[in-house]
Amino acid sequence: MTQVYNFSSGPAVLPREVMLAAQAELTDWHGTGMSVMEMSHRGREFTQIITEAEADLRKLLALPSDYTVLFMQGGAHFHFAMVPLNLAQEGDTVDYVDTGHWSRIAIKEARRYANVHVVASGEAGRFTSIPDEAQWQHSSKAAYLHYCSNETIGGVEFPFVPQSQAPLVCDMSSNILSQPLDVSRFGLIYAGAQKNIGPSGLTLAIVRDDLLGRARAATPTMLDYQVHAAADSLYNTPPTFAIYVAGLVFKWLLEQGGLAGIAQRNIEKAALLYETLDASGFYHCPVDRPYRSRMNVPFRLTEDRLDDAFLEGAKARGLLQLKGHRSVGGMRASIYNAMPLEGVKALCDYLREFEKTHG
Ligand code: PMP
């Protein structure tokens, strides 16, 4: 097979070393004669897998002891409902920052359960920036403040952690584990696994312990963070294979020098790609420079009619899944942790070449 580089926004490329490790023990995990897929989630073997995965994640994030790690299902979408159900009572006001597609979906869902106040919106600037924090209109007694640290579709990323009196809640689906993080600033973090953590089907939540056990009475059992916390993420059958692969990803990250090590590489990759786009008169990235995502790089060609030829040529060179989200069109290169620098270099070479022949 020829070398390919996969720029999918998620499910996204996983580290090659992780895939090979999973392949090597696919049918026989550590001499047990069983695949991880075939093991009881309550048996000794899987207990070791999930315990190690959590310990490695805690190490990576230097997680304070008063935070609980939950391995869950339901995707980030479940948390759009779980957050208001668990952290706000009926009639409570909850604050949201509106920075694009994913924060808007979170807002829409929260409106079903709470009185949503939007503290700031990037809509006037067509979501190409983060609204100036000094202008945010916090409500006086919000149950929490929610934001999305990286808008996967718009390619807009927070370069800072917002200030908040209320517990800070973050959808970190597309930039978790991409740089060091001071978790103590947050009340709750959630993230779908399928970008920087592992296979889809797994969702991670990190909850400050004082926020557990507050779900309103009508909350479905499966949507109560406390239920999952009390059962050590084994209330029901969890996505065992996905947790196992996530555990391999955490070990791989530790080998890369942890989050500080991977952050350096992510900065280097993003800088190279944005510089290449900016240096050309042919490609255009709409996002305000300070808020450009290090993970998802949206760009357009000067003429949309060249999109198909661009994608075809890319595919022929093994550069896959560069088509932008259907809601915005154009292109998007997702360059998560597992994308090697060589992949970004190959994309930059192709960008220059295509411009030369079509520009
Ligand atoms: N939030 C963000 C920032 C995302 O990128 C995504 C998925 N692309 C979601 C939420 C939704 O995740 P899921 O499909 O796992 O529910």
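Residues numbered from 1 in each chain as written. Predicted model: local features only at pLDDT ≥ 70, side-chain atom pairs only at ≥ 80, totals over all residues. Heavy atoms only, no water.

Where an unreviewed UniProt entry is consulted, the chain appears under the name Phosphoserine aminotransferase, with the organism given as Chitiniphilus purpureus. Per UniProt, the comment on the chain under Subunit (unreviewed entry) is "Homodimer." (UniProt positions renumbered as here; feature names shortened; annotations may be inferred.)

Counting its secondary structure elements, the chain contains 9 helices and 14 strands. Relative to its length of 359 residues, the chain is compact, with a C-alpha radius of gyration of 21 Å against a globular reference of 21 Å. Taking all 359 residues of the chain together, the buried fraction comes to 55%. Sequence-distant contacts, at least 24 apart, represent 66% of the contacts inside the chain between residues at least 6 apart. Summed over all atoms, the accessible surface of the chain reaches about 15,900 Å², with 50% contributed by carbon and sulfur. (Helix = DSSP H or I, 4+ residues; strand = E, 2+ residues; numbered from the N terminus. Rg over C-alpha atoms; globule rule 2.2 N^0.38 Å. Buried < 20%, exposed > 50% of the residue type's maximum accessible area, 1.4 Å probe, protein only. Contact = heavy atoms within 4.5 Å. Areas by Shrake-Rupley, 256 points an atom, 1.4 Å probe, with all protein chains shown as cover.)

Time to look at the packing of aromatic side chains. Summed over the entire model, instances satisfying the criterion amount to 15 aromatic pairs. Note on W136 and F160: the rings are 6.4 Å apart at their centroids and 45 degrees apart in plane angle, and the pair reads as tilted. Of the two residues, W136 sits in the loop between β4 (115-121) and β5 (142-148) while F160 sits in the loop between β7 (156-157) and β8 (168-171), which places them 24 residues apart along the sequence. Using a relative accessible area of 6% as the deciding quantity, one classes W136 as buried. Ring centres of F299 and F310 lie 6.0 Å apart, and the angle between their planes is 80 degrees; this geometry places the pair in the edge-to-face category. In this pair, F299 is assigned in strand β12 (residues 296-301) and F310 in helix α8 (residues 307-316), connecting sequence segments 11 residues apart. We classify F299 as buried; its relative accessible area is 1%. A network of ring pairs unites the aromatic residues F282, Y283, F299, F310, Y350 and F354 as a single cluster. (Phe/Tyr/Trp six-rings, centres within 6.5 Å; stacked < 30°, edge-to-face > 60°.)

Turning to the pattern of salt bridges, a few remarks are in order. Summed over the entire model, instances satisfying the criterion amount to 16 salt bridges. The residue E54 makes a salt bridge to R58 at a minimum N-O spacing of 2.9 Å. Taken together, the residues span about one helical turn, with E54 and R58 both in helix α2 (residues 44-61) at a distance of 4 residues. Classification of E54 as partly exposed rests on a relative accessible area of 26%. By relative accessible area, which is 22% here, R58 ends up partly exposed. The shortest N-O distance in the salt bridge between R214 and D210 comes to 3.9 Å. Given the relative accessible area of 37%, R214 is considered partly exposed. Under the relative-accessibility criterion, D210 is labelled partly exposed at 41%. Each of E52, D56, K59 and K251 takes part in one network of salt bridges that share partners. (Salt bridge = Lys/Arg side-chain N within 4 Å of Asp/Glu carboxyl O.)

Now for the sheet that holds β12. The 3 strands lie next to each other as β11-β12-β14, forming an open sheet whose pairing is antiparallel. Both edges of this open sheet fall to β11 (283-284) and β14 (331-334), since each of them pairs with a single strand only. Taken together, the 2 bridges between β11 and β12 define a ladder with antiparallel strand orientation. Directly across from H284, in β12, lies its bridge partner R300. (Pairing = 2+ DSSP bridges.)

Below, the discussion takes up the site of the ligand. The local shell around the ligand holds 13 residues, among which H77, T152, D171, Q194 and K195 are the closest. Within the side chain of H77, one N or O atom sits 2.6 Å away from an oxygen atom of the ligand. The separation between a nitrogen atom of the ligand and a polar side-chain atom of D171 is 2.6 Å. Within the complex, 85% of the 400 Å² of free accessible area of the ligand lies under protein. Looking at the shell around the ligand, the element that brings in the most residues is helix α3 (residues 75-87), giving 4 residues. Along the lines of polarity and charge, the residues of the shell around the ligand split into 4 nonpolar, 7 polar and 2 charged. (Near = heavy atom within 4 Å. Polar contact = N/O pair within 3.5 Å; in protein donor to acceptor, adjacent residues only side chain to side chain. Nonpolar A, V, L, I, M, F, W, Y, C, P; charged D, E, K, R; others polar.)

Let us now look at the UniProt feature "binding site: L-glutamate" (unreviewed entry) in the chain. Using the residue numbers shown here, the UniProt feature "binding site: L-glutamate" (unreviewed entry) corresponds to S9 and R42. Annotated residues spanning 34 residues; largest pairwise C-alpha distance 33.1 Å, indicating distribution over more than one region. Judged by its relative accessible area of 16%, S9 is buried. At a separation of 3.2 Å, a polar atom in the side chain of S9 contacts the side chain of R332. For R42, the location among the structural elements is in the loop between α1 (16-24) and α2. In contact with R42, not counting residues within four places along its chain, are T47, L234 and Y235.

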